[in-house]
Amino acid sequence: MVDVAEKEIMDNLTFKSDTVLSDVHLYYPNKRHLMVRLNAAGQPVFLSYFKLLWNTHNWASEKNAREATAEKEHQYKSREELCDKDRNNLKNERELNVKGLEALLDDDGDLEVVRRPQSASDVEVEDLLRDRVYPVILMRGEDDAFEDEEQECTCSDVVKIEHTMATPLEDVGKQVWRGAFLLADYILFKWDMFKCCTVLELGGGTGITSIIMGTVAKRVYCTDVGEDLLAMCEHNVALNKHLIEQGRSEIKVKELDWLQDEFCTDPEAPYSWSEAEIDDLHDHCTVIMAADVFYDDDLTDALFRTLYRITHNLKNSCTVYLSIEKRLNFTLRHMDVTCEAYSHFRNTLNDLENLQDTKMKYTVEPIKLDFCQFLTYERIEQL
């Protein structure tokens, strides 16, 4: 027998976790994660290298860029042809091995395996194919933390991102999420659409999507809240100046709190807006983007209110790109696998599209995920 009080507790039973870990970090369990320092909150900060699958950052002219795109497609097709060729070769080798198996048996019928010594060239090839695991040393302080890393890699096909791992829910913006990679892929695939644009990112987090956008756009306002997070984002922009300079772009890291009705213009506050920057955003912004920021219903509502307010003040028509991962969770309340955060996002998006407004008209259009992948991550069907 269960009394009423106990039954109410069982009906409202929930499980809570202190930390959240992005799948992107699990995908890179190797030397690309270097613990470099502790941040102001005492959290370990890592520096990760994310390699672009193709070098797409040569925008010296439109002709060169289109030639690079054609070459990229050629490489993709060649890679598929090589895969087919390798499959056929593997099949033939297996048939030959079965037929020639008797030749490898000794007098007693045992298999005799002849091993050859490994040459230096084989070792070099193996190093290229597989990353080795290295121990890392935690350093406190910022002066020399990135000295060796900056000397090690400033090539045009690597994005360097400072981030934390296994954070509390309120600090998930300090991690790198799969939705940011998906949006970055789309930017690189449709780079000519974003060329010379003024762009606003909502909930920029570590800044990886704004950095990719900064390789093509004229100006990017990367926004979020929290001085520690914004400082990390600003440092990431500095770490990737070798990419941004090629696009002759400018990335400005600014505070934008969705729970506030106005821009922060206090000159004493870090990452505040000047009146000139607000006017520039309203006069020239044609692209707004947000990646993997829909995980809390209250924040989702706040973001859409902010989106509505900003688009109402823009002088030009604007396209908003939203990237989201549909996360499946089993809940005791439903006794089933549900996607409550995603469902709330979809409902709010439908409300925005059906909004009766004499000045604004919002149209929602899904984007197929059949475009090229430029960053190494798992593009799951829930994206």
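Everything here concerns the structure above.
Here's what I pulled together on the structure shown here.

Parameters and conventions
- Residues numbered from 1 in each chain as written.
- Predicted model: local features only at pLDDT ≥ 70, side-chain atom pairs only at ≥ 80, totals over all residues.
- Heavy atoms only, no water.
- Helix = DSSP H or I, 4+ residues; strand = E, 2+ residues; numbered from the N terminus.
- Buried < 20%, exposed > 50% of the residue type's maximum accessible area, 1.4 Å probe, protein only.
- Contact = heavy atoms within 4.5 Å.
- Pairing = 2+ DSSP bridges.
- Axes fitted to C-alpha atoms, helices over the stretch in contact; angles between N-to-C directions.
- Salt bridge = Lys/Arg side-chain N within 4 Å of Asp/Glu carboxyl O.
- Phe/Tyr/Trp six-rings, centres within 6.5 Å; stacked < 30°, edge-to-face > 60°.
- Lys NZ or Arg CZ within 6 Å of the ring centre and 35° of its normal.
- Parallel < 35°, antiparallel > 145°, perpendicular 65-115°, else oblique.
- Left-handed = near helix turned anticlockwise from the far one by under 90°.
- Nonpolar A, V, L, I, M, F, W, Y, C, P; charged D, E, K, R; others polar.
- Core = buried A, V, L, I, M, F, W, Y, C linked by side-chain atoms within 4.5 Å.
- Disulfide = S-S within 2.5 Å.

**A closer look at the overall build of the chain**
1) Next: From N to C terminus, the chain includes 13 helices and ten strands.
2) Next: Of all 383 residues assigned to the chain, the portion counted as buried reaches 39%.
3) Next: Within the chain, counting contacts between residues at least 6 apart in sequence, those at least 24 apart form 71% of the total.

**Notes on the sheet that holds strand β8 (residues 319–323)**
1) Next: Strand order in the open sheet formed by five strands is β6-β5-β4-β7-β8, and the pairing between neighbours is parallel. Of all the strands in the sheet, the pair left with one neighbour each is β6 (250–255) and β8. Across the sheet, the mean angle separating the axes of adjacent strands is 20 degrees when strand polarity is ignored.
2) Next: Across six bridges, the pairing between strand β5 (residues 219–224) and β6 is parallel. Its bridge partner being in β6, R219 is matched across the sheet by E250.
3) Next: Packed on one face of the sheet, helix α6 (residues 178–189) meets β7 (285–291) and β8 and runs near 145 degrees to β7.
4) Next: The strands touched by helix α11 (residues 275–284) within the sheet are β4 (198–201), β5, β6 and β7, with β7 carrying the most contacts at an inclination of about 100 degrees.

**Some details on the pattern of salt bridges**
1) Next: Inspection of the entire model under this criterion finds 16 salt bridges.
2) Next: In this structure, E162 and R37 form a salt bridge, with 2.9 Å as the shortest nitrogen-oxygen distance. Within this pair, whereas E162 is found in strand β3 (residues 158–163), its partner R37 is found in strand β1 (residues 34–38), the two being separated by 125 residues in sequence. R37 carries the same exposure label as E162, and that label is buried.

**Topic: the sheet that holds β1**
1) Next: One open sheet accounts for three strands, arranged β1-β2-β3; its pairing is antiparallel. Since the sheet does not close on itself, it has two edges, and those belong to β1 and β3, each with one partner. Going across the sheet, the axis of each strand differs from the next one's by a mean of 25 degrees, ignoring polarity.
2) Next: Here strand β2 (residues 44–51) pairs with β3 via six bridges, running antiparallel. Pairing of L47 across the sheet is with E162, part of β3.

**Considerations on the pairing of β3**
1) Next: Most of β3 sits inside the fold, with six of its six residues counted as buried.
2) Next: Alternating positions in β3 separate into two faces, V158, K160 and E162 on one and V159, I161 and H163 on the other, with burial throughout.

**Some details on the packing of aromatic side chains**
1) Next: This structure, assessed with the given rule, holds 14 aromatic pairs.
2) Next: Considering the side-chain rings of F294 and F304, the 6.0 Å spacing of their centres and the 35 degrees angle between planes classify their relative orientation as tilted. A residue pair is termed long-range when its members are at least 10 positions apart, and F294 in the loop between β7 and α12 (297–313) and F304 in helix α12 qualify at ten residues.
3) Next: When its relative accessible area of 6% is taken as the criterion, F304 is described as buried.
4) Next: Taking the ring centre of F371 as reference, the NZ or CZ of R379 above it sits at 4.6 Å.

**A short note on the packing of α12 against helix α13 (residues 340–353)**
1) Next: Closest axis-to-axis distance for the α12/α13 pair is 10 Å, and the angle between their directions is 25 degrees. With respect to each other, α12 and α13 are oriented roughly parallel. When you trace α12 past α13, the crossing you get is right-handed. Where α12 abuts α13, its residues D297, T300, D301, F304, L307 and Y308 lie against E340, A341, H344, F345, T348, L349 and L352.
2) Next: Considering only residue class, the contact of α12 with α13 consists of seven nonpolar, three polar and three charged.

**Some points on the environment of V287**
1) Next: Checked against the element boundaries, V287 lands in strand β7.
2) Next: In this structure, the C-alpha to C-alpha distance between V287 and E201, residues 86 residues apart in sequence, is 8.5 Å.
3) Next: The residues contacting V287, other than those within four sequence positions of it, are F194, C197, T198, V199, L200, M213, C318, T319 and Y321.

**What about the nonpolar core?**
Inside soluble globular proteins, nonpolar side chains tend to come together where they are buried.
1) Next: The biggest cluster of nonpolar side chains holds 44 residues, and the ones touching the most others in it are F50, F181, I187, F194, V199 and M213.
2) Next: Broken down by element, the residue count for this core peaks at eight residues, all from α6.
3) Next: Grouped together as the second largest cluster of nonpolar side chains are 26 residues, A290, I324, M360 and Y362 included.

**Re the state of the cysteines**
1) Next: For the structure shown, the criterion picks out zero disulfides.
2) Next: Among the cysteines around C222, which has no disulfide bond, C233 carries the closest sulfur, lying 3.5 Å off.
3) Next: Using a relative accessible area of 2% as the deciding quantity, one classes C222 as buried.

Spatial relationships are all this shows, so hold off on functional conclusions.
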